[in-house]
Amino acid sequence: MKIHGPSIVLIGMMGAGKSSVGRCLERRTGLTLLDTDEIVSSKFGMSIPEIFAKHGENKFREAEAKAVRAMAIPKKTIIVTGGGIVLQQENVELLRRMGVIVWLDGNEDTLFARASRRRNRPLLQTKNPRRTFSQIFDARRSLYADIADVRVDTSVLTDEEVSVAILSKLGKVNPGSRSPSPAT
Ligand code: S3P
């Protein structure tokens with residue numbers, strides 16, 4: 001299937017399925033996939049938890065912003081972002097210019113269950129990861145909502161179903177005009 005329009009940018013909380021849905025979209029569309037976490041990880045030559053442990057979150061955020069800047073190329077791609085990409089306004093502005101922003105949302109309990117399946121989320125290595133997740137979820141939802149063109153609730157969908165839902169919604173998005181509030 002060919003996409004006629006800008007890049008597809010996936011945003012959303014940890015556990016929303018951005019990486020696996022990105023891979024489904026890559027397969028279905030034939031577009032190249034770029035993943036900010038993968039880029040940062042390969043720049044440092046270590047995993048995301050190791051980067052947080054050895055260099056701290058600020059260094060990670062700097063490298064993440066650099067990865068977004070490097071993605072600003074006039075080529076249609078699938079862009080997968082880390083959950084915190086919306087924390088920096090510069091990232092938000094660049095991503096909006098790159099393509100259609102697709103917010104993978106979901107019910108908080110489901111997202112937490114998925115995010116905590118593997119111990120690869122440094123931000124959840126706290127005494128009470130459930131509470132930490134809830135605080136991040138509350139703080140981020142309006143940031144995702146503000147920038148999203150399209151929202152997909154992933155709670156009860158498989159990755160394949162989410163990717164089909166995205167492609168069907170994108171068929172209805174006019175890349176030249178952004179709606180003031182995200183489509184549902
Ligand atoms: C983060 C999410 C992670 C990763 C890093 C920080 C966040 O990516 O970028 O651990 O701030 O929410 P995923 O959203 O793919 O888990």
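Whatever comes next refers back to the structure up there.
The structure contained in this document is the topic of the report that follows. (Residues numbered from 1 in each chain as written. Predicted model: local features only at pLDDT ≥ 70, side-chain atom pairs only at ≥ 80, totals over all residues. Heavy atoms only, no water.)

Notes on the overall build of the chain
Counted only if it meets this: Only DSSP runs of H or I covering at least 4 residues are called helices, and only runs of E covering at least 2 are called strands; the numbering of each starts at the N terminus. Atoms counted for the radius of gyration: C-alpha only. Globule rule: 2.2 Å times residue count to the power 0.38. Exposure categories follow from relative accessible area, calculated using a 1.4 Å probe and restricted to protein chains: below 20% of the type maximum is buried, above 50% is exposed, and the middle band is partly exposed. Two residues qualify as a contact provided that any one of their heavy atoms is within 4.5 Å of a heavy atom in the partner residue. Per-residue and other accessible areas follow the Shrake-Rupley method at a 1.4 Å probe size, with only the shown protein chains counted as cover for residues.
Helix and strand counts for the chain stand at eight helices and five strands. Start at the N end of the chain and walk to the C end: the helices and strands fall as β-α-β-α-α-α-β-α-β-α-α-β-α. Compactness check: the chain gives a C-alpha radius of gyration of 16 Å against a globular reference of 16 Å for 184 residues, within 12% of the reference. In terms of its C-alpha atoms, the chain occupies a principal-axis envelope of roughly 45 × 35 × 30 Å. Counting the 184 residues in the chain, one finds 45% classified as buried. Pairs at least 24 residues apart make up 76% of the contacts formed inside the chain by residues separated by at least 6 positions. For the chain, the exposed area adds up to about 9400 Å²; of that, 52% sits on carbon and sulfur atoms.

Side note on the sheet that holds strand E5 (residues 150–153)
To keep things clear, this is the line we draw: Any two strands with at least two DSSP-identified bridges between them are counted as paired. Every axis in this analysis is a line fitted to C-alpha atoms, fitted for helices over the stretch in contact. Angles between the N-to-C directions lie between 0 and 180 degrees.
Read across the sheet, five strands follow the order E2-E3-E1-E4-E5 without closing on themselves; strand pairing throughout is parallel. The open sheet is flanked by strand E2 (32–35) and E5, the only strands paired with a single partner. The average angle at which neighbouring strand axes cross in this sheet is 20°, direction not considered. By the bridge criterion, four bridges tie E2 to strand E3 (residues 77–80) in an arrangement that is parallel. Within E3, the position partnered with Leu34 by the bridge is Ile79. On top of the sheet, helix H1 (residues 18–29) reaches strand E1 (7–11), E2, E3 and strand E4 (99–105); it is set at about 175° to E3, its chief contact.

Quick word on the environment of Gln125
So the rule is basically this: Polar contacts, as used here, are pairs of N or O atoms within 3.5 Å; protein pairs need one atom able to donate a hydrogen and one able to accept it. Residues neighboring in sequence count only if both atoms are side-chain atoms.
Structurally, Gln125 is set in the loop between helix H6 (108–115) and helix H7 (129–147). Spatially, the C-alpha atom of Gln125 lies 20 Å from that of Thr81, the residues being 44 residues apart in sequence. From its side chain, Gln125 meets the backbone oxygen of Arg121 in a polar contact 3.1 Å long.

Re the site of the ligand
Put simply, the rule reads: In this text, near means that some heavy atom of the residue lies within 4 Å of the molecule or strand in question. In the scheme used here, Gly and all other residues not listed as nonpolar or charged are polar, with Ala, Val, Leu, Ile, Met, Phe, Trp, Tyr, Cys and Pro taken as nonpolar and Asp, Glu, Lys and Arg as charged.
The immediate surroundings of the ligand are formed by 13 residues, with Lys18, Asp37, Arg61, Gly83 and Arg121 found nearest. Between an oxygen atom of the ligand and a main-chain N or O atom of Gly83, the distance comes to 2.9 Å. The side chain of Arg140 places a nitrogen or oxygen atom 2.9 Å from an oxygen atom of the ligand. In isolation the ligand offers 380 Å² of accessible surface; the protein chains occlude 95% of this area. In the shell around the ligand, the residues fall into five nonpolar, three polar and five charged.

Examining the nonpolar core
Among soluble globular proteins, nonpolar side chains are generally buried collectively. Heads up, the rule is: We call a set of buried Ala, Val, Leu, Ile, Met, Phe, Trp, Tyr and Cys residues a nonpolar core when their side-chain atoms join them within 4.5 Å.
In this structure, Ile8, Val102, Phe133 and Ile166 are the most contacted members of the largest nonpolar core, which totals 44 residues. When near neighbours in sequence (up to four residues on either side) are disregarded, Ile166 contacts Ile8, Leu10, Val21, Leu25, Val102, Leu104 and Val152. Of all hydrophobic cores here, the second largest spans eight residues; its members include Met46, Phe52, Phe60 and Ala67.

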